[in-house]
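Coordinates in review
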Amino acid sequence: MNNTGPFFRTIGLSILGYFFFNWIGATSEATAFENLPWLWYLYATIILFYIAGEACLGALSRVLYLSLKPDAREKYDKNTAFAKAKQFKWIKETYKKLLGSKDIEEEHEIILDHNYDGIKELDNDLPPWWVYGFYASILFAVVYLVRFEVFDDYDQKEEYETAVAEAQIEIEEWKKTAKDLVDASTVVLLTDAADLNAGKLIFQSNCIACHKADGGGGIGPNLTDRYWILGGGIKNVFNTISEGGRSGKGMVPWKQDLKPSEMAQVSSYVLSFQGTTPAEPKPSEGEVWIDPDAPVMESEINEVVQDSLKHPAIEVKDVKIATDKN
């Protein structure tokens, strides 16, 4: 009995099933099995049922074969052998014809006049795949010579630089969808409602114990004013959440608990507290943070100067330095 058929059918079904499930559920960021882990159970169940079905059919076929009488079994074996011999007959005959080989009864027609101690040589043709491959290599060599030596097409250095430039473009496109690749140097302020809502949930789950739900501050500093201990802005806030606050008295680093995309979301939500009025605001801590990359308007300078009168720790020369940078 032939047992290779069910084996190859099972392997083929497994491969097709994997690519089919991956095709219907994959995204640009992950495979279907990563997005929907329960697909592994469905996939394994289908394969197990198929294997069970093949085993049942094989067992039934074996039982029926053994139940045949000797003459019927012999006839069945002959028919099976004949069908196997006829399988792929056209391909076998075509290849044999291209090969130019002869049956052992006809080998006398292609024996060469070489006789070495009784060892004779047959004049068989080269295998067709070898001959056509050789012709293809000659054609490729001619085209290559004309293109790169006669017409002086691009060289290896140009090809390398082009490949690097194309790869860089692909990397930049990939970074747009790879949200968890973000870090403190590449993070940007998120303004989409979905991101801010996700950041709100993270804040409510992890941060309100120290900063209160409205950002007014408790154990941690007030997040609604313009004063920052470790710097404001999305990059500084992201870095503080990721690496933690001041050693020994600041908050713990969250990079082991939150994904980079989640830290970007909660950082953006924290900055949305700016300018709001909490119920019980904690006194300001740190210094006024002015974005060095943002243009400073005259009204903002006057506001900081007036604020510095209430907080002597802030000097007007700091504002001058910030304006000079712009």
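Residues numbered from 1 in each chain as written. Predicted model: local features only at pLDDT ≥ 70, side-chain atom pairs only at ≥ 80, totals over all residues. Heavy atoms only, no water.

What follows is about the overall build of the chain. If you tally the helices and strands in the chain, you get 13 helices and four strands. Counting the 326 residues in the chain, one finds 21% classified as buried. For the chain, restricting intrachain contacts to residue pairs at least 6 apart in sequence, the fraction spanning at least 24 positions comes to 58%. Surface summary for the chain: the accessible area is close to 24,200 Å², and the carbon and sulfur share equals 61%. (Helix = DSSP H or I, 4+ residues; strand = E, 2+ residues; numbered from the N terminus. Buried < 20%, exposed > 50% of the residue type's maximum accessible area, 1.4 Å probe, protein only. Contact = heavy atoms within 4.5 Å. Areas by Shrake-Rupley, 256 points an atom, 1.4 Å probe, with all protein chains shown as cover.)

This part is about the packing of helix α10 (residues 233-243) against helix α11 (residues 260-271). Direction vectors running N to C along α10 and α11 enclose 125°, while the axes themselves pass 9 Å from each other. What the angle tells us is that α10 and α11 run oblique. Read as a crossing pair, α10 and α11 show a hand that is right-handed. Only Pro260, Met263, Ala264, Val266, Ser267, Ser268, Val270 and Leu271 of α11 make contact with α10, whose side of the interface consists of Gly233, Ile234, Val237, Phe238, Ile241 and Ser242. Tallied by class, residues from the contact of α10 with α11 come to 10 nonpolar, four polar and no charged. (Axes fitted to C-alpha atoms, helices over the stretch in contact; angles between N-to-C directions. Parallel < 35°, antiparallel > 145°, perpendicular 65-115°, else oblique. Left-handed = near helix turned anticlockwise from the far one by under 90°. Nonpolar A, V, L, I, M, F, W, Y, C, P; charged D, E, K, R; others polar.)

Glancing now at unusual backbone geometry. The phi angle at aspartate 117 is positive, at roughly 55°, despite the residue not being glycine. Among the secondary structure elements, aspartate 117 is positioned in the loop between β1 (111-116) and β2 (119-122). Here lysine 212, not a glycine, exhibits a phi torsion of approximately 70°, which is positive. Of note, lysine 212 is situated in the loop between α9 (208-211) and β3 (227-228). A relative accessible area of 31% places lysine 212 in the partly exposed class.

Let us now look at the packing of helix α5 (residues 89-99) against helix α6 (residues 128-150). Relative orientation of the contacting elements α5 and α6 amounts to 65°, with a least axis distance of 9 Å. Residue-level contacts link Tyr95, Leu98 and Leu99 of α5 to Pro128, Trp129 and Tyr132 of α6. A per-class count over the contact of α5 with α6 returns six nonpolar, no polar and no charged.

Now for the pairing of β1. Sheet topology places β1 next to β2; three bridges connect them, and they run antiparallel. Across the sheet, asparagine 115 pairs through a bridge with lysine 120, a residue of β2. (Pairing = 2+ DSSP bridges.)

Another aspect to go through is the confidence of the model for the chain. If pLDDT is low for a region, its predicted coordinates should not be looked at in detail. Across the chain, pLDDT averages 84, with 89% of residues at or above 70. Between residues 313-326, whose pLDDT stays under 50, and residues either more than four places distant or in other chains, the model counts 15 contacts. (pLDDT = per-residue confidence, 0-100.)

For the structure shown, the criterion picks out zero disulfides. Take cysteine 207: it sits in no disulfide, and the sulfur closest to it among the cysteines is that of cysteine 210, at 8.2 Å. Here cysteine 207 falls in the buried class, since its relative accessible area comes to 16%. (Disulfide = S-S within 2.5 Å.)

To continue, consider the packing of aromatic side chains. Within a pair of aromatic rings, the relevant descriptors are the distance that separates the centres and the angle that separates the planes. As enumerated under the stated definition, the model contains 20 aromatic pairs in all. Grouped by ring-pair contacts, the aromatic residues Tyr18, Phe19, Phe20, Phe21, Trp23, Phe33, Trp40 and Tyr43 constitute a single cluster. Residue placement shows arginine 73 over the ring face of tyrosine 65; its charged tip is 5.3 Å from the ring centre. (Phe/Tyr/Trp six-rings, centres within 6.5 Å; stacked < 30°, edge-to-face > 60°. Lys NZ or Arg CZ within 6 Å of the ring centre and 35° of its normal.)

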